[in-house]
Amino acid sequence: MSEKIEIVCRDNEKKRLDLFISENYPVSRNAAANLIKDGKVILNGILPSKKDSVKSGDVIVLTIEEEKPFSPVPKNIPLDIIYQNDELLVVNKPKGMVVHPGAGKEEDTLVSALLYICGKDGLSSLGGADRPGIVHRIDKDTSGLLVCAKNNAAHEFLSEQFKVHSIERTYYAVCHGHFKNASGTVNAPLGRHPADRKKICITDRNSKEAITHYEVLEQFRGFSLVKCNLETGRTHQIRVHMAYLNHPVAGDEIYGPKKGVSLNGQCLHAKSLGFINPSDREFLQFDSPLPKYFEDFLQKLRSQSL
């Protein structure tokens, strides 16, 4: 199956076709170039080259192939479940585990582990066939707490809390450098990077409000331990906001320095999580200890700062 997407150029300035497509459809510039190469793009009724320019009034038609649906498979993967009831589970996700199946990663995910424990009928279906039980997510190389729903009613109730920003979420991060202020707030909207669709950037274009409150807890030689409270929860929010302050998260291979410390991913942990329980409307609060990789890095920084 395929879908035809029509885009009418409204820009006054001429632009290369591959750049224009990447700015007006959620694909990278490289992916746009591949669409053109594969004959999946029609410009004013003819097959173009990626170097062709578009101008105001030009009509571009994209042929987008529908992705094959993926059904996750239950797998016996150990999970650190710190709480569960008939409505939900709270999981302490380890660093390196992907939350749900995606491109290049279809097995050994949190979803596979949840399916083994709860079964397909024991998880909510609102997230889609490839995301049973998943209400929210954290990055593969971020460790810490997530809440997962066992039924659709619980999923809806929890999702509404995320929507109105009443969920309490605190992250700990080790960031580069010493902060000028001991605490502060970053209020900067986030959206997809126009040239690299895998990255998030601060932008006013097709963006969403993003607010992070931070507090410096400890300083070392060249690094700081920072507590971040999320008012909103956007993709890569803390990582992009800290990089915006020129204090990227240590080990961040996307937003950090090219010659940063090697930690096999960012030093970021979702430490605490609070929300209203769907069943009895009581507030639940959970806290998880810093994992070994995080504590080992802190110990190393403390010893270097003596």
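Q: I'd like a rundown of the packing of helix α1 (residues 17-24) against helix α2 (residues 29-37), residues and numbers included.
A: Orientation of α1 relative to α2, taken along the N-to-C sense of each, is 120 degrees, at an axis distance of 8 Å. Compared by their axis directions, α1 and α2 come out oblique. For α1 against α2, the interelement crossing comes out right-handed. In this structure, α1 uses Leu17, Asp18, Leu19, Ile21 and Ser22 to contact α2, whose residues at the interface are Arg29, Ala32, Ala33 and Ile36. Grouping the amino acids of the contact of α1 with α2 by side-chain chemistry returns six nonpolar, one polar and two charged.

Q: Kindly report on the environment of Ser224, identifying the contributing residues and their values.
A: Position of Ser224 among the secondary structure elements: in strand β14 (residues 223-230). When the C-alpha atoms of Ser224 and Ala173 are compared, they prove to be 8.2 Å apart, with 51 residues separating the residues in sequence. Every residue in contact with Ser224, bar those within four places of it in the chain, is listed here: Ala173, Val174, Cys175, Gly177, His178, Phe179, Val216, Glu218 and Gln219. Separated by 2.7 Å, the side chain of Ser224 and the backbone oxygen of Gly177 make a polar contact.

Q: Pulling in residues and values, what's your account of the nonpolar core?
A: Core analysis: the biggest nonpolar cluster contains 32 residues, and Leu110, Leu114, Tyr171, Ile238 and Met242 have the highest contact counts within it. Within the residue set of this core, elements represented by two or more residues are β7 (88-93), α3 (110-118), β8 (143-149), β9 (168-176), β13 (211-219), β14, α5 (237-244) and β15 (268-276). It is α3 that contributes the most residues to this core, five residues altogether. Here Ile238 is in contact with Tyr171, Thr212, Cys228, Leu230, Val249 and Leu268, once residues within four sequence places are set aside. The next biggest cluster of nonpolar side chains, apart from the first, holds 17 residues, and it includes Leu17, Ile21, Leu43 and Ile64.

Q: Tell me about the packing of aromatic side chains, and name the residues and values.
A: Under the definition given, this model contains five aromatic pairs. Here Tyr83 and Phe286 contribute two aromatic rings whose centre-to-centre distance is 5.1 Å and whose plane-to-plane angle is 40 degrees, an arrangement assigned as tilted. With Tyr83 in strand β6 (residues 81-84) and Phe286 in strand β16 (residues 283-287), this residue pair connects regions lying 203 residues apart in the sequence. Under the relative-accessibility criterion, Phe286 is labelled buried at 12%. When the ring of Phe275 is compared with that of Phe286, the centres are 5.9 Å apart and the planes differ by 35 degrees; the resulting orientation is tilted. Note that Phe275 is positioned in strand β15 and Phe286 in strand β16, a separation of eleven residues in sequence. According to the relative accessible area criterion, Phe275 is buried, its value standing at 0%. Feature note: the residues Tyr83, Phe275 and Phe286 constitute an aromatic cluster, connected by ring pairs. The lysine or arginine in question, Lys271, covers the ring of Tyr172, its NZ or CZ lying 5.5 Å from the ring centre.

Q: Which residues make up the pairing of β8, and what values do they have?
A: Along β8, seven of the seven residues are buried, which leaves the element largely enclosed by surrounding structure. In terms of strand pairing, β7 meets β8 through six bridges, oriented antiparallel. Each residue of the ladder has a partner; that of Lys93, found in β8, is Gly144. Relative to β15, β8 is paired through two bridges, and the arrangement is parallel. Each bridged residue has a counterpart across the sheet, and for Gly144 the counterpart in β15 is Ala270.

Q: Kindly report on the side chain of Lys271, identifying the contributing residues and their values.
A: As for its position among the elements, Lys271 is in strand β15. Exposure remark for Lys271: the relative accessible area of 14% places this residue in the buried category. Among the polar contacts listed, one links the side chain of Lys271 to the side chain of Asp287, at a separation of 2.9 Å. Ignoring any residue separated from it by four or fewer positions in sequence, one finds Lys271 in contact with Leu145, Thr170, Tyr171, Tyr172, Phe286, Asp287, Ser288 and Leu290.

Q: With reference to specific residues and values, describe the state of the cysteines.
A: According to the stated counting rule, one finds zero disulfides in the structure shown. With no disulfide partner, Cys148 has as its closest neighbouring cysteine sulfur the one in Cys118, 8.4 Å distant. Here Cys175 is not cross-linked by a disulfide; its sulfur's nearest cysteine counterpart is in Cys228, at 6.1 Å.

Q: How would you summarise the pairing of β14 if you had to cite specific residues and measurements?
A: Where burial is concerned, most of β14 is hidden: six out of the eight residues are buried. Bridge count for β9 against β14 is seven bridges, and the pairing is antiparallel. By the bridge assignment, Tyr172 is partnered in β14 with Lys227. Inspection of the sheet shows β13 paired to β14 by seven bridges, in the antiparallel sense. Following the sheet pairing, His213 is matched in β14 by Asn229. Taken together, β13 and the strand that follows it, β14, pair antiparallel across an intervening segment of three residues, in which Gly222 is found at a positive phi of about 85 degrees.

Criteria and cut-off values
Residues numbered from 1 in each chain as written. Predicted model: local features only at pLDDT ≥ 70, side-chain atom pairs only at ≥ 80, totals over all residues. Heavy atoms only, no water. Axes fitted to C-alpha atoms, helices over the stretch in contact; angles between N-to-C directions. Helix = DSSP H or I, 4+ residues; strand = E, 2+ residues; numbered from the N terminus. Parallel < 35°, antiparallel > 145°, perpendicular 65-115°, else oblique. Left-handed = near helix turned anticlockwise from the far one by under 90°. Contact = heavy atoms within 4.5 Å. Nonpolar A, V, L, I, M, F, W, Y, C, P; charged D, E, K, R; others polar. Polar contact = N/O pair within 3.5 Å; in protein donor to acceptor, adjacent residues only side chain to side chain. Core = buried A, V, L, I, M, F, W, Y, C linked by side-chain atoms within 4.5 Å. Buried < 20%, exposed > 50% of the residue type's maximum accessible area, 1.4 Å probe, protein only. Phe/Tyr/Trp six-rings, centres within 6.5 Å; stacked < 30°, edge-to-face > 60°. Lys NZ or Arg CZ within 6 Å of the ring centre and 35° of its normal. Pairing = 2+ DSSP bridges. Disulfide = S-S within 2.5 Å.

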